[in-house]
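Structural features, examined
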Amino acid sequence: MNRRVLLFLFVVLLLVPSALVRAEEYPARPITLINPLPPGGTLDLQGRAFAAVVEKYLGKPMVVVNKIGAAGAVGSLTVAQAKPDGYTLGLGWSAQTALIINEIIEGRKPSFTTDDFIVLGRFTDSSPVFLVPFNSPWKTMKQALEDIKAHPNTYSFSSGGIQSISHLPMEALIVEMGLKLRHVPFQGGGPAFTALIGGHVQCSAQYPGTSLPKIKAKQLRVLASFSESRLKNYEEVPTFKELGYNVFHSSWVGMVAPKGTPAPIVERLRTLVKQVTSDPVFVDVIEKAGDEVDYADAETTRKAWGTEYERLQKLLSRMEKEKKQ
Amino acid sequence: MIDAFIGMGQGFLIALTPQNLYYCFIGCLFGTIVGVLPGIGPLAGISLLLPATFGMPPVSALIMLAGIYYGAMYGGSTTSILMNIPGEAASVVTCIDGYQMARKGRAGAALFISAWGSFIGGNLSVLGIALLAPALADFAVKFGPAEMFAIMVLAMMLVGYVGSGSVLKTMCMVVLGLFLGTIGMDTMTGYLRMTYGVKELADGIGFIPVAMGLFGIAEILSSTQDTLVREVLKPKLRELLPNREELRRSLGPICRGSVLGFFIGLLPGAAHIIAGFASYALEKKLAVRPEEFGSGRIEGVAGPETANNAATGGAMIPFLSLGIPSGPATAVMMIALLIHGIKPGPLLIQENPEVFWGVIASMYIGNVVLLILNLPLVGLFVNLLRIPFRLLFPIILTICLIGVYSVNASPAELWIMLISGLVGFVLRRFQFDVAPLILALIIGPMMELAFRQSLMMSGGSFTVFFGSPISVTLILLSVLLFLGSLVRPLLAARSKKTHH
């Protein structure tokens, strides 16, 4: 054998070890968590808080990437189309469902559906509260509703965007009570809050976490909550149901993986969600933000997602009908 | 007032610990790098370093992240001046005259004045925050959609001042910018406008790819028209520094820019960018020979650079005093606070005064750190210009591509940038000034949204725009500006006639 052949064999031998590194232990590198909504919101907070704790349990870090666009559709689509190898995960949330339903109502084929995702688990399930500026003449929810009914199309509410988690609850109220209230959408919760505090709109449905500091600072007052039962931190606030109105809304945040992700990886991730949501650091962040951790396993979440799908479908169809009138 | 001084004192004690000084430095350094690299803005930098702050005490974390935020403001001007590429959204205005100064060999002076202007603007705004934070927070809340619309109208009036060249051409650019601004999802109805089914356009045509294309790429393309060998000046130290005349002429713009920038920074939204443009327009209006703007006037660099750093300070106020983020970068900083167990909000100053004042004091220190960082770098950066252009262009092109891609990882934005570059090149050949286009692209959508929100609130009645003293004042100002610009040429023509 001459030198050339030896050299060739040597090079081939060098390549062998890399061929043997096929079977990697998951995870072998950092995982990307896609947040389809803009930075700074509830999803972002929960996603980043989650990611902060992951390395303790998984050995590899999780990095949150905002992939915004079209009220969350772009990021959701990215997750749906991502390679199902467990290295790209996404955040799921209730308004995402609304995006899908809306496409169907408009007569288009939705670019992604709930079937494109494998549910990993739920972090929180929060209900918003009905807020008014501190100096508002409305002292009780009953008073507010009577006033709104007596003066149709006079008052307005702010939201963080069309069909956002702050828009849908108000629509649920409007549709159920037959109110004529004007909707002023803003780009995100921040501007929606500012408009409310400044008295430019008369009410808004926002979430307990972001609302609490402003209530404590006497900038806003809360008249009712959209939950099934009274909220922690809001024990004196009646729910709509208590007051006799059949109004309910909740908004969940959880984690999903693209369809086709291998079962062992899915199991590992489902366990991870359970571990992280009981981690004191994560819980502390969520609670300091005024929210409550409400872990639910994949099956429960998937079922709840289905129920929510139906509820939102009814709501959005009614909204569409009202629009056409 | 006394409370403010006590608070500041407490803040300095916290900010001056070796640990926090170190974090401040890291933040500023990282921020400068992030700002210099075109496309990547402070948001990306803050998001990247956020996980690193988890083990740190809350004050330190916020000091570091805030350092990134205003470090980026400093760094953004560097590429604007040297390569006509806006390193950061707010630095677009600096490209206009800053780059021309560089072409005349005054790059050093431009960078130097820009650093100093940023320093002074930043410091004055910190002082403003410390003294006025609570009052200003109330002020910020009074800005509803009607007031925002009034401001946008005023801003649009300024667009005319930013453009050089014929009125007709400026108008063409403005209309084109307004049109491009309509593309995307409409906030009020959720409908997709002019996207033709292209999903990536659902969020509209991003301002960053367009700006980088119209300025940077177009510049590269235009330069290929010149001979590829450009005279490379070896800068002497004297040339690195501004001469006395330039220093003198910068003083006014810097003062005005600070005040203007600070107040504009209080407004939510793209305040920094508007601050820069507003300052530019103001300086042009006040200048003796406004036609020279656009060909390298130091005022066109001093004013805007000061204004956008002052705006950074202003932008921190809604965040620190109200807990309402004024943009994505401050929103992520808010999350950082939450993750550290601090509740941002109106009670922050009471519940966690050490965080509130510590951050404010660190902003002052950050300004000093950044000045020290940036001044020696001036020489280094100017030497970059000595790289032969045939090598520099591909490097710039690569940096632009990476920069734009790093923001949203969207291939569509790369295409937008390249197409804008071609369009910008053509526009340049025909002597259209692209700055009004960018301004219209930013202001148009904001103006439209505010307009429709206002009308929605009032049920279609236009009286909503005259409902508050703020909006009335602003609208009156706009009308006056408009009338003034009509009357001036009329008066000038008349005086010419009487002279004959």
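Residues numbered from 1 in each chain as written. Chains lettered and ligands numbered in written order. Predicted model: local features only at pLDDT ≥ 70, side-chain atom pairs only at ≥ 80, totals over all residues.

Focus: the overall build of chain B
A tally of regular secondary structure across chain B gives 20 helices and 2 strands. Scaling as 2.2 N^0.38, a compact globule of 500 residues should have a C-alpha radius of gyration of about 23 Å, and chain B matches this with 22 Å. Along the three orthogonal principal directions, the C-alpha set of chain B runs to about 70 × 60 × 55 Å. For chain B, the proportion of its 500 residues judged to be buried stands at 58%. Taking all contacts inside chain B whose residues are at least 6 apart in sequence as the whole, residues at least 24 apart take part in 80%. (Helix = DSSP H or I, 4+ residues; strand = E, 2+ residues; numbered from the N terminus. Rg over C-alpha atoms; globule rule 2.2 N^0.38 Å. Buried ≥ 20, exposed ≤ 12 C-beta atoms within 10 Å, placed from the backbone. Contact = placed C-beta atoms within 7 Å.)

Observations regarding the environment of Phe 263 of chain B
Residues and elements named next belong to chain B. As for its placement among the helices and strands, Phe 263 is situated in helix α11 (residues 244-265). Owing to 20 C-beta atoms within 10 Å, Phe 263 belongs among the buried residues under this scheme. Sequence-wise, Phe 263 and Ala 307 are 44 residues apart; in three dimensions their C-alpha atoms are separated by 9.5 Å.

Notes on the packing of helix α9 (residues 207-223) of chain B against helix α17 (residues 389-408) of chain B
Residue and element names in this part refer to chain B. Contact pair α9 / α17: the axes reach a minimum separation of 11 Å and the direction vectors enclose 170 degrees. Taken together, α9 and α17 sit at an angle that is classed as roughly antiparallel. Considering how the two elements wind past one another, α9 and α17 form a crossing that is left-handed. Only Phe 389, Phe 393, Ile 396, Leu 397, Cys 400, Val 404 and Val 407 of α17 make contact with α9, whose side of the interface consists of Ile 208, Pro 209, Met 212, Gly 216, Ile 217, Ile 220 and Ser 223. Its residues placed into classes, the contact of α9 with α17 shows 12 nonpolar, 2 polar and no charged. (Axes fitted to C-alpha atoms, helices over the stretch in contact; angles between N-to-C directions. Parallel < 35°, antiparallel > 145°, perpendicular 65-115°, else oblique. Left-handed = near helix turned anticlockwise from the far one by under 90°. Nonpolar A, V, L, I, M, F, W, Y, C, P; charged D, E, K, R; others polar.)

With respect to the sheet that holds strand β3 (residues 88-93) of chain A
All names here are of chain A. Pairing is mixed across the open sheet formed by 5 strands, whose spatial order is β2-β1-β3-β10-β4. At either margin of the open sheet sits one strand with a lone partner, and together these are β2 (62-66) and β4 (117-126). Sheet twist, expressed as the average angle between the axes of neighbouring strands with direction ignored, equals 25 degrees. Across 8 bridges, β4 lies against strand β10 (residues 251-258) in antiparallel orientation. Within β10, the residue paired with Val 119 across the bridge is Val 256. (Pairing = 2+ DSSP bridges.)

Re the interface of chain B and chain A
Often, the extent of an interface is quoted as the loss of accessible area upon association of its parts. Each partner contributes residues to the interface: chain B has 39 residues there, and chain A has 42 residues. Across the side of chain B that touches chain A, the residue classes tally to 24 nonpolar, 11 polar and 4 charged.

What to know about helix α2 (residues 18-36) of chain B
Here α2 of chain B spans 27 Å end to end across 19 residues, near enough to the 27 Å set by a 1.5 Å rise per residue. Those residues of α2 of chain B lying buried are Asn 20, Tyr 23, Cys 24, Phe 25, Gly 27, Cys 28, Phe 30, Gly 31, Thr 32, Val 34, Gly 35 and Val 36 of chain B. (Expected span 1.5 Å × (residues − 1).)

A few points about the nonpolar core
Counting residues in hydrophobic clusters, the biggest one holds 263 residues, and the most contacted among them are Leu 62, Leu 65, Ala 278, Met 333 and Ile 438 of chain B. The leading source of residues in this core is helix α6 (residues 107-141) of chain B, at 19 residues. Composition of this core by domain shows at least three residues from each of domain 1 (31-126 + 250-321) and domain 2 (129-249) of chain A. Ignoring anything within four residues of it in the chain, the contact list for Leu 65 of chain B reads Gly 27, Ile 46, Leu 49, Thr 53, Met 333 and Ala 336 of chain B. (Core = buried A, V, L, I, M, F, W, Y, C linked by C-beta atoms within 7 Å. Domains from an automatic or database assignment.)

Notes on the domain arrangement of chain A
Residue and element names in this part refer to chain A. Entries for chain A in the domain assignment read domain 1 (31-126 + 250-321) and domain 2 (129-249). Taking the mean C-alpha position of each, domain 1 and domain 2 sit 25 Å from one another. With 18 residues of domain 1 at the interface, the matching set in domain 2 holds 19 residues. In terms of residue count, the dominant contributor to the side of domain 1 that touches domain 2 is helix α4 (residues 94-105) (4 residues).

What about the sheet that holds strand β8 (residues 203-206) of chain A?
Overall, mixed pairing links the 5 strands, which are arranged β7-β6-β8-β5-β9 (chain A) in an open sheet. The sheet is open, and its two borders are formed by β7 (182-185) and β9 (220-225) of chain A, each paired with just one other strand. Averaged over all neighbouring strand pairs, the angle between strand axes comes to 30 degrees, with direction disregarded. Here 4 bridges tie strand β6 (residues 156-159) of chain A to β7 of chain A, and the two strands are oriented parallel to one another. Looking at the pairing, Ser 159 of chain A lines up with Pro 185 of chain A of β7 of chain A. Against the sheet, helix α19 (residues 435-458) of chain B touches β6 and β7 of chain A, its axis set at about 160 degrees to β7 of chain A.

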